[in-house]
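Close look at the chain arrangement
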Amino acid sequence: MPVLRKRRLWAGVAMAALALSFAGTGQASAADINNAKNAGFESGLTNWTCTAGSGTTVSSPVHGGASALKGTPAGQDNAQCSESVAVKPNSTYTLSAWVQGGYSYLGVTGTGTTDVSTWTPDTTSWKQLSTTFTTGSSTTSVSVYTHGWYGQAAYYADDISVYGPDGGGGSDPAPTVPATPTGLTVPSTTSSSVSLAWSAVSGATGYNVYSSGTKITAVTGTSATITGLTASTSYSFQVTATNSAGESGKSTAVTGTTTATGGGGSGSLPKHAVTGYWQNFNNGATVQKLSAVSSQYDIIAVAFADATSTPGAVSFTLDSAGLGGYTVDQFKADIAAKHAAGKKVVISIGGQNGTISVSDSTSATNFANSVYSLMQTYGFDGVDIDLENGINATYMSQALRSLSSKAGSSLVITMAPQTIDMQSTSNAYFQTALNVKDILTVVNMQYYNSGTMLGCDGKVYGQGTVDFLTALACIQLQGGLSPSQVGLGLPASTSAAGSGYVSPTIVNNALDCLTAGTNCGTFKPSKTYPDLRGAMTWSTNWDAAAGSSWSNSVGAHVHALP
């Protein structure tokens, strides 16, 4: 996709190893407490000081409670946030914190003995850092800190603990067992999954989901999608709320019944469908929540997943700050609401700046496992392959088949190759599409930012015309893809792409030409394809910025096709 966007890039920064010094831990006593104040950042940055204004509190992601610390390194500042903690002399303490995001460090100074620290490279989920220190004979306070690393992505920290003898400075109130969750519902189902949602419980740091009395998963938000289920089968679900004090009672049970088996990766999609990319960043287009995306869109591709340090693996971080405070829980709830409205939401891999590489069996496995994990976490229905920097047909096909074996027949797989990628069945992208044809939903080739290309008749066509759309789509239709697996990808406005924008009328004429043989240009296909899937646009945000003129016109036209 032709955009500039925020990304967490693997910078390969060389760093000196930090020596970890561990004192004897001893036996915890009944008087031991967490001496850190505002340890969960529920009171903003009270008691904490962050360098160069680098710290703030956020509502997502959080490990526990309603807030967490976000530290953003910039220039020569590593986003250090610190707190002075009262301690007892000659005492041993365990220092710990939960971290996520970019490089994260945790340490303590002023111990009077050996100051210690620990760290972790970037992580896409919460990870606990922990170390111990012993105070000197006259030490009554220490400075506890956390920070990121220069040039790296923002880090998040939550639930800081300085556990040991009471230093006299007081501590945060001890948590109590949370109340039993209420409002458990089943917003949507597929042939192999059931989506659940419930009301938040005050003081809860997580939730357990049970099926027929057996715990099947644990989540931090107020929704979950249970996958790997059998079609046309009823399942009973309950949830509990948890925190460090314990687990609540089980909620009232609800029943979710999976639908009949779908096929071909299409699930419950309409015969003719419209795909739109939703921007998880602000680049000047209208900032949207998923709930604001037009109902004309049948498939919403969330752009984009991020590369990680693990070959082939991807992660996803909602740009809450860039999207006006959009929280992960709201995002998940909006996905569930789209499901309830019969829509599909997939995670898009790649984009113009995407650097994900699947080039061997290990990276293929990592890709499948990480995408499936995102599907379970957020409720995504599948994956969109938008890799514009090369693709390995053998191992991407392997990765997609592995993902299909995990997700089941309702998996949605879409692709958005460039025009050059689909000129011949010998091209890797085209090979991949054919390799996974039995589980492929649709290929929405990008008919923009392109030079002149050959049509299926061997003639050269320039972008911006009905002929360019129809003669190039013909290559895919004659090359082995089913008509239901072919869509036309166009920008929603002149601002959405560097070149190749055409009016909705041109798109509609091309759809008519391919499906019914009418409104063609000089090129007319040798046969019609009434089962053609539909159209795609970059992006729902640029469409909204242009008054939804693209979706109102093309969307209505696609859905009116016979």
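For the structure given in this document, a descriptive report is provided here. From a predicted model like this one, the values you see are computed outputs, not experimental measurements.

The next point concerns the packing of aromatic side chains. The final tally for this structure, using the stated rule, is 21 aromatic pairs. Measuring from centroid to centroid gives 6.3 Å for Tyr-461 and Phe-523, while their planes differ by 75°, and the two rings are edge-to-face. Taken together, the residues span a long stretch of sequence, with Tyr-461 in strand 29 (residues 460–461) and Phe-523 in the loop between helix 6 (504–516) and strand 31 (534–538) at a distance of 62 residues. Owing to a relative accessible area of 9%, Tyr-461 belongs among the buried residues under this scheme. Looking at Phe-523, the relative accessible area reads 7%, which means it is buried.

A word on the pairing of strand 26 (residues 412–415). Of the two faces of strand 26, the one lined by Val-412 and Thr-414 and the one lined by Ile-413 and Met-415 are each fully buried. Two elements, strand 25 (residues 382–387) and strand 26, share 4 bridges in a ladder whose sense is parallel. Looking at the pairing, Asp-384 lines up with Thr-414 of strand 26. On the question of chirality, the crossover connecting strand 25 to the parallel strand 26 by way of helix 3 (residues 393–407) is right-handed. With 2 bridges connecting them, strand 26 and strand 27 (residues 442–446) associate as parallel partners. Residue pairing in the sheet places Thr-414 in a bridge with Val-442 of strand 27. One crossover worth recording links strand 26 to the parallel strand 27 by way of helix 4 (residues 428–435), and it is right-handed.

The subject of this paragraph is the pattern of salt bridges. The tally for this structure, following the rule as stated, stands at 3 salt bridges. Close ionic contact of Asp-531 with Lys-271 constitutes a salt bridge, the shortest N to O distance being 3.2 Å. Pair noted here: Asp-531 is in the loop between helix 6 and strand 31 and Lys-271 is in the loop between strand 19 (254–257) and strand 20 (273–279), with a separation of 260 residues, a long-range link. Here Asp-531 falls in the partly exposed class, since its relative accessible area comes to 38%. Salt-bridge contacts for Asp-298 lead to Lys-343; the nearest nitrogen and oxygen are separated by 3.6 Å. In this pair, Asp-298 sits in the loop between strand 20 and strand 21 (299–303) while Lys-343 sits in the loop between helix 1 (328–340) and strand 24 (344–351), placing the two residues 45 residues apart along the sequence. The exposure class assigned to Asp-298 is buried, which follows from its relative accessible area of 5%.

Calculation notes
Residues numbered from 1 in each chain as written. Predicted model: local features only at pLDDT ≥ 70, side-chain atom pairs only at ≥ 80, totals over all residues. Heavy atoms only, no water. Phe/Tyr/Trp six-rings, centres within 6.5 Å; stacked < 30°, edge-to-face > 60°. Helix = DSSP H or I, 4+ residues; strand = E, 2+ residues; numbered from the N terminus. Buried < 20%, exposed > 50% of the residue type's maximum accessible area, 1.4 Å probe, protein only. Pairing = 2+ DSSP bridges. Right-handed = clockwise from strand over helix to strand, strands pointing away. Salt bridge = Lys/Arg side-chain N within 4 Å of Asp/Glu carboxyl O.

Nothing here speaks to function; it is all geometry.
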